There are 2 protein chains.
Amino acid sequence: MAANLLQKSDLPAEGIKRVIVKNITPSVACGNFPAKCAVNTPVAFRATIFADGQAVLRAKVQHRMTGKKKWRELPLTLTGNDQWEAWWFPETMGIVEFRIQAWISGLETWKHRFDLLQRAGLNTTVEQLEGIAVLRNIPEEDPEHLYTEDIHSFLEDRFTGIKPEDIPSELFNRLVKINPAGKTTISKIYRIDVQRQKTQFSTWYEIFPRSSAQQAGKHGTFKDVMLQFPKLSDAGFDVVYFPPIHPIGKKNRKGKNNSLVSTVGDPGSPWAIGNEEGGHKMINRELGNFNDFKRLLEAAGKYNLEIALDLAFQCAPDHPYVKKHPQWFKWRPDGNVMYAENPPKKYEDIIPFDFECDDWQSLWLELLSIVCFWIGKGIRIFRVDNPHTKPLRFWKWLIAEVRKKYPEVIFLAEAFTRPYIMEHLAMIGFSQSYTYFTWRNTKWELEAYLEELTKSNKQFYFIPNFWPNTPDILTEQLVNGSESAHIIRFLLAATLSSNYGIYGPVFERGINHQIRGKEEYADSEKYEIKYWQPEGESRIWQIIKKTNRLRKRFKALQVTNNIEFLGSGNDRIIAYLKIDRLADEHLIIIINLDPDQPQNGMIYLDNEATRMFYGADFKVTDELNQEEYFWNGYTNYVALDPGRKPAHIFSISRQEAMNSENKMP
Amino acid sequence: MAANLLQKSDLPAEGIKRVIVKNITPSVACGNFPAKCAVNTPVAFRATIFADGQAVLRAKVQHRMTGKKKWRELPLTLTGNDQWEAWWFPETMGIVEFRIQAWISGLETWKHRFDLLQRAGLNTTVEQLEGIAVLRNIPEEDPEHLYTEDIHSFLEDRFTGIKPEDIPSELFNRLVKINPAGKTTISKIYRIDVQRQKTQFSTWYEIFPRSSAQQAGKHGTFKDVMLQFPKLSDAGFDVVYFPPIHPIGKKNRKGKNNSLVSTVGDPGSPWAIGNEEGGHKMINRELGNFNDFKRLLEAAGKYNLEIALDLAFQCAPDHPYVKKHPQWFKWRPDGNVMYAENPPKKYEDIIPFDFECDDWQSLWLELLSIVCFWIGKGIRIFRVDNPHTKPLRFWKWLIAEVRKKYPEVIFLAEAFTRPYIMEHLAMIGFSQSYTYFTWRNTKWELEAYLEELTKSNKQFYFIPNFWPNTPDILTEQLVNGSESAHIIRFLLAATLSSNYGIYGPVFERGINHQIRGKEEYADSEKYEIKYWQPEGESRIWQIIKKTNRLRKRFKALQVTNNIEFLGSGNDRIIAYLKIDRLADEHLIIIINLDPDQPQNGMIYLDNEATRMFYGADFKVTDELNQEEYFWNGYTNYVALDPGRKPAHIFSISRQEAMNSENKMP
């Protein structure tokens with residue numbers, strides 16, 4: 001028999017540990033990747049913890065910055081159904097390690113049983129004696145004997161037993177924190193990437209610097225761009241993102257509307273990087289020089305704006321790399337280098353790197369050096385062009401290497417591709433991700449997508465950045481709905497997601513000329529220089545300004561995962577709660593999704609978080625339209641007109657609700 | 001700059017591998033525990049597999065019995081959205097290891113691009129030359145050069161290039177199976193516990209052997225039990241489960257109805273194990289001796305019945321262990337040993353082991369030796385009493401030790417406790433689990449519970465065994481609904497779950513006398529010997545017999561995870577599909593959940609699996625009631641009467657559907 005052959009020493013040492021710890025979050029892919037969070041944004045550590053039988057458990061989370069020795073600790077509390085949690089406010093950027101410890105609290109198990117017997121009126125003589133044994137046992141479990149003396153002095157005269165209430169609460173509370181050596185279950189170590197707050201809360205404006213000149217027909221410069229900073233800053237943007245600013249290839253340069261033939265004066269696509277003047281580490285001389293760039297960044301800083309650059313790891317055919325490092329490209333049997341393509345489409349002005357080349361290591365190092373170069377020039381945010389067409393392991397390595405030294409660097413993944421690839425890019429390190437928001441229009445689509453982003457495991461690593469438009473994407477919705485559609489899509493982006501961006505000059509003007517049959521802008525700025533005549537404040541711009549101010553004022557709009565959808569009884573009216581418990585903010589956002597027709601509905605507040613407001617009239621203040629309403633009970637009427645008032649952004653403060661209760665007769 | 005300090009050798013070697021493999025199933029808790037499957041029951045290996053860019057991928061799963069060196073292989077195929085799968089039919093019991101390999105198929109990537117260009121009518125001269133390079137490259141990736149010669153002879157005269165159609169398909173198919181050394185992504189190793197088929201498909205009948213005597217007032221024996229085998233076997237049962245058969249404690253023995261005082265002749269609870277005659281390795285002499293036991297098992301075998309014993313790891317106060325191994329029990333300051341309790345309730349006839357005692361290792365070894373003892377006597381199925389009151393790590397160890405040598409042993413966890421503990425018991429090794437089915441009565445409850453069991457990760461490790469009643473549980477449903485409720489609950493158990501059981505003698509007779517206010521049988525057999533007068537075949541018994549025959553006939557009823565619920569337009573009518581694609585079986589089960597009133601509804605067949613039947617009348621055969629109907633299209637009417645016909649078990653065969661199509665004018 002197997003049993004007869006086994007010795008005591010064959011038994012697992014952990015056999016004496018009765019507590020199980022599992023389902024630990026925040027965690028990503030079994031702990032293989034760090035979860036994401038941001039400085040000053042509360043994080044919940046959670047776990048499922050239980051043991052056999054009736055014992056009372058204790059648990060704590062230990063955390064430390066990677067590389068540090070000493071753990072810091074927080075107690076976990078039971079929230080029900082064997083789920084435990086602790087809240088933590090990260091203060092420093094970097095990769096934090098954490099683990100969870102759980103054990104049976106002998107003292108509390110004894111107290112719990114004692115209380116049950118006492119409440120049932122049963123004799124506790126034996127239990128009182130047992131109390132002494134329980135206390136005497138604690139020093140054995142406490143190798144540093146921190147409490148031995150206190151216990152001894154407490155037990156000194158108590159030979160006939162003790163009751164739980166005899167133990168001074170101060171001593172009791174200290175004793176229950178001791179975790180018995182050898183009998184404590186300790187989880188493996190998980191990691192959290194504490195990023196800077198802007199990964200969670202940012203407001204992007206995309207602009208082609210070359211189209212910023214003060215008069216038509218001129219090539220814009222960094223100096224021209226600086227003139228727009230007061231307006232952008234005043235409107236509440238904090239990231240200004242430029243498409244590539246490098247010399248543009250001349251060979252196979254594209255003409256207007258992506259034409260294969262360019263004529264003199266055609267500037268080419270900024271994504272066709274490099275010519276004989278230089279490549280990824282050079283500035284297109286028409287925009288300015290490195291001194292101008294330095295002044296640009298200084299000016300941006302004064303307006304609380306940050307410049308984000310584009311990382312497009314590809315070359316024009318006349319990029320210096322092609323001659324200097326031919327081994328990084330795929331050469332064909334006819335002696336030509338392979339163009340970028342999506343067969344049968346070809347992109348003749350761009351050639352990709354061959355990441356499978358024999359010299360891939362030196363390619364990786366060079367690409368890393370490009371990022372470091374721009375970090376050296378003061379850039380801390382990169383929007384990465386089509387990361388899904390470069391190896392996933394390359395990004396994992398590059399982002400980790402950069403952020404080891406510069407944890408404040410943000411990488412936004414511009415991947416509009418298949419779902420598992422998009423989620424994997426976020427998993428391996430991208431700070432923010434473009435999303436499918438651009439194509440989620442109906443209420444059902446929006447709700448389902450937000451549920452996926454904020455309630456599934458994605459909440460721990462996929463940080464969305466919602467864009468209603470980009471230079472590559474002009475959706476049917478914006479084309480058909482015109483100004484109202486722009487406002488609706490903007491309001492959705494800016495309140496559903498704490499990170500959002502617009503491709504600005506066309507968006508604020510409501511420009512929506514499509515190439516026939518394509519989701520693309522006609523006469524795209526990608527292939528020509530535009531002159532954006534300054535205008536008075538458009539209706540779109542006014543709503544942008546107002547909304548961005550609300551985003552700065554309400555903490556509830558500065559995270560994405562705090563959303564709860566509300567019923568409205570109308571498929572064209574979407575409604576959601578955004579709550580920040582710490583700041584005691586309750587926002588109810590209601591948007592008419594129909595750009596053409598007024599819609600009305602009944603907002604259902606049948607939600608745990610809104611229950612506190614029941615029982616009396618409570619005031620909701622529309623922060624967008626400066627209106628007030630008195631609401632009452634579970635359902636309240638709303639009517640929204642896309643032309644005049646497409647949305648409510650209601651705030652309810654608990655205090656007002658209480659005041660209104662106080663006013664009750 | 002970090003980049004300047006890095007050398008090529010600092011780069012990860014896996015950088016050259018472009019394929020990502022993740023979300024591998026079947027897997028449990030990140031691969032920490034083996035998934036479960038059964039011999040001869042198909043298993044799907046699945047994974048999410050993708051790479052950057054446009055490459056064509058190949059993937060395979062490798063599997064082997066633990067301890068074996070050589071891997072066996074199956075190709076994975078893409079089912080859509082980057083999901084890949086392969087089906088496997090396990091043939092041998094034991095722990096199987098598997099891993100997944102995936103790589104970019106250079107040959108197919110070339111062919112795919114070639115075909116696109118050719119279809120677009122574009123020139124492929126360069127691509128034809130590239131084809132030669134692709135083929136020449138394959139031997140480098142194939143260290144054993146299995147194909148070098150074939151490739152060389154194929155390329156011999158082809159200097160100007162090749163087209164995909166030039167390559168003989170036999171050669172092509174062999175070449176695409178080569179995974180390039182160094183560039184293939186290999187997953188970690190996962191484990192599957194291949195158990196015997198009875199873990200997936202079993203039909204249990206619980207019986208107290210002491211109540212099997214041929215006349216009232218006598219103590220039943222194993223010989224009496226044997227007389228019931230023809231009936232049980234004929235009715236389709238295959239496991240006969242006995243409560244403990246050991247000597248019963250005399251100290252603090254319980255009287256009738258759990259009375260604290262027993263009178264002469266009270267047999268006591270069989271779960272109060274042990275007296276001076278022996279303990280867990282002894283048979284209560286009133287039932288018979290070891291020879292009788294041997295004959296019992298032989299007789300059972302002849303009727304295709306298997307005896308399951310109860311493992312109740314606890315002692316009566318007069319169990320020999322208490323004197324011989326006092327260190328295994330918790331002694332109190334008053335010199336008494338601690339009784340089992342659920343404060344303020346006490347179970348004076350039972351004392352638990354102290355799994356935290358200093359000598360826990362010898363206790364574990366002794367408990368293992370009990371299991372091995374009964375295995376030695378021929379037992380291969382154990383129903384484990386209250387496993388959640390013993391340490392979880394103990395069960396993990398014990399089950400693994402037993403099954404290392406006896407992979408055919410089945411452990412059923414009798415844990416009616418909190419959800420995370422129940423699921424953890426299954427995760428750490430219990431073959432089957434009691435469930436919450438007993439308390440899931442409404443359509444919504446049943447559907448939600450089955451979705452949880454069969455569609456969540458539980459499908460990989462939690463194998464349910466549905467019991468409408470047990471000696472400990474008589475629900476309100478059975479009390480109020482009487483005979484019809486028994487039939488409904490039976491039909492649900494026997495068709496929702498491929499494993500089910502009944503506490504037989506009371507169930508088949510529809511006995512439902514409750515202790516007032518408790519979910520328990522009055523005058524419970526747990527505390528007294530019953531005489532079950534033989535009766536004619538009750539209506540309940542007839543339905544049990546019929547249903548068990550259908551369970552044996554239809555493979556679709558022999559697994560649990562193949563369920564799809566159908567709409568019925570009536571909350572009292574539940575309907576579900578059970579499909580076995582291999583056997584081409586489509587069952588539609590429809591049950592009236594209302595034990596009092598006839599109900600009717602419209603069954604919605606708007607389901608992928610049923611679409612093949614549309615387009616003409618198709619015949620559904622009620623295998624339970626021997627009736628036929630002609631159905632048509634998406635919705636079909638049903639009416640069920642609890643007193644006469646509480647359910648349909650419809651079979652549709654594809655052939656009949658086709659025949660009926662053929663009959664169309």
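Here, every reference points to the structure presented above.
The residue numbering used here restarts from 1 in each chain and proceeds along that chain's sequence as written. The lettering of chains begins at A and the numbering of ligands begins at 1, in the order of writing. Since the coordinates come from a predicted model, pLDDT governs what is reported: local features require at least 70, and pairs of side-chain atoms require 80 or more to be given and counted, while whole-chain, interface and lining totals use all residues. Excluded from the side-chain calculations are hydrogens and water; all other atoms, namely the structure's heavy atoms, are used.

Peer 1: Sorry if this is basic, but what is going on with the pattern of salt bridges here?
Peer 2: Where charged atoms from two side chains of opposite charge approach closely, those side chains can pair. Salt bridge, as used here: a side-chain nitrogen of Lys or Arg that lies within 4 Å of a carboxyl oxygen of Asp or Glu. One pass over the full model with this rule turns up 94 salt bridges over all chains. The partner of Arg174 of chain A in a salt bridge is Asp150 of chain A, and the shortest N-O contact between them spans 3.0 Å. A residue pair is termed long-range when its members are at least 10 positions apart, and Arg174 of chain A in helix H5 (residues 169-175) and Asp150 of chain A in helix H4 (residues 148-155) qualify at 24 residues. Here the term buried applies to any residue with accessible area under 20% of the maximum for its type, exposed to any over 50%, and partly exposed to those in between, with areas from a 1.4 Å probe on protein chains only. Using a relative accessible area of 26% as the deciding quantity, one classes Arg174 of chain A as partly exposed. Asp234 of chain B is paired through a salt bridge with Lys545 of chain B; the nearest N and O atoms lie 3.3 Å apart. Highlighted residues: Asp234 of chain B in helix H7 (residues 229-234) and Lys545 of chain B in helix H16 (residues 539-553), separated in sequence by 311 residues. Several salt bridges share partner residues, and in doing so they unite Arg113, Glu127 and Glu130 of chain A together with Arg332 and Glu341 of chain B into one network. Numbering goes from the N terminus for both helices and strands, where a helix is a DSSP run of H or I of at least four residues and a strand is a run of E of at least two.

Peer 1: I would appreciate a short explanation of the packing of aromatic side chains in the present structure.
Peer 2: One pair of aromatic rings is described through two measures. These are the centre distance and the angle between the planes. Whether two aromatic rings pair depends on their centres lying within 6.5 Å, for rings of Phe, Tyr and Trp, where Trp uses its six-membered ring; planes under 30 degrees apart make the pair stacked, over 60 edge-to-face, and the rest tilted. Applying the stated rule across the entire model yields 90 aromatic pairs over all chains. A centroid spacing of 6.5 Å and a plane angle of 85° characterise the contact between Phe411 of chain A and Phe430 of chain A, whose relative ring orientation is edge-to-face. Here Phe411 of chain A, found in strand E19 (residues 410-414), pairs with Phe430 of chain A, found in the loop between helix H12 (419-427) and strand E20 (432-433); they are 19 residues apart in sequence, far enough to count as distant. Residue classification places Phe411 of chain A among the buried positions, given a relative accessible area of 0%. With relative accessibility at 0%, the residue Phe430 of chain A sits in the buried group. Cation placement over rings: the criterion is NZ of Lys or CZ of Arg within 6 Å of the ring centroid and within 35° of the ring normal. Between the NZ or CZ atom of Lys231 of chain A and the centre of the ring of Trp541 of chain A, over which it lies, the distance is 4.4 Å. Taking NZ or CZ as reference, Arg489 of chain B lies 4.2 Å from the ring centre of Phe437 of chain B, over its face.

Peer 1: I tried to follow a nonpolar patch on the surface on my own but got confused; where do I start?
Peer 2: Taken together, Met602, Tyr604 and Tyr637 of chain A make up a surface patch of nonpolar side chains, about 310 Å² in accessible area. With respect to the secondary-structure elements, Tyr637 of chain A resides in strand E28 (residues 635-640). The patch calculation keeps residues exceeding 30% relative accessible area without a salt bridge and links them within 9 Å when they carry like charges or within 5 Å when they are nonpolar (Val, Leu, Ile, Met, Phe, Trp, Tyr). Per-residue accessibility takes into account occlusion by the displayed protein chains alone, with areas from the Shrake-Rupley method and a 1.4 Å probe.

Peer 1: Is there a simple way to think about the nonpolar core in this case?
Peer 2: A general feature of soluble globular proteins is that nonpolar side chains tend to end up buried together. All names here are of chain A. Leu398 and Phe411 are the most contacted members of the largest nonpolar core, which has 135 residues in total. Looking at this core element by element, the count peaks at 11 residues for helix H10 (residues 360-376). For this analysis, residues touch if any pair of their heavy atoms sits within 4.5 Å. Contacts of Phe411, omitting those with residues within four sequence positions, involve Leu311, Val371, Phe382, Val384, Leu398, Ile399, Val402, Arg403, Phe430, Ser431 and Gln432. Here the nonpolar core consists of buried residues drawn from Ala, Val, Leu, Ile, Met, Phe, Trp, Tyr and Cys, with membership extended through side-chain atoms lying within 4.5 Å.

Peer 1: Whenever I open this one, the relation of the copies chain B and chain A confuses me. Can you help?
Peer 2: Mapping between the two copies of the chain is achieved by a rotation about an axis and a shift along the axis. Fitting of the copies onto one another was done by least squares over C-alpha atoms, counting residues only where both copies have pLDDT of at least 70. Structural alignment of chain B on chain A gives an RMSD of 0.0 Å, achieved by rotating through 180° and translating 0.0 Å along the axis. Taken together, the rotation and translation relating the two chain copies correspond to the operation of a two-fold axis. By C-alpha distance to the rotation axis, the residue of chain B lying nearest is Cys30 of chain B, at 2.9 Å. A high fraction, 100%, of the interface residues of chain B reappear at the interface in chain A, so the copies pair face to face through one surface.

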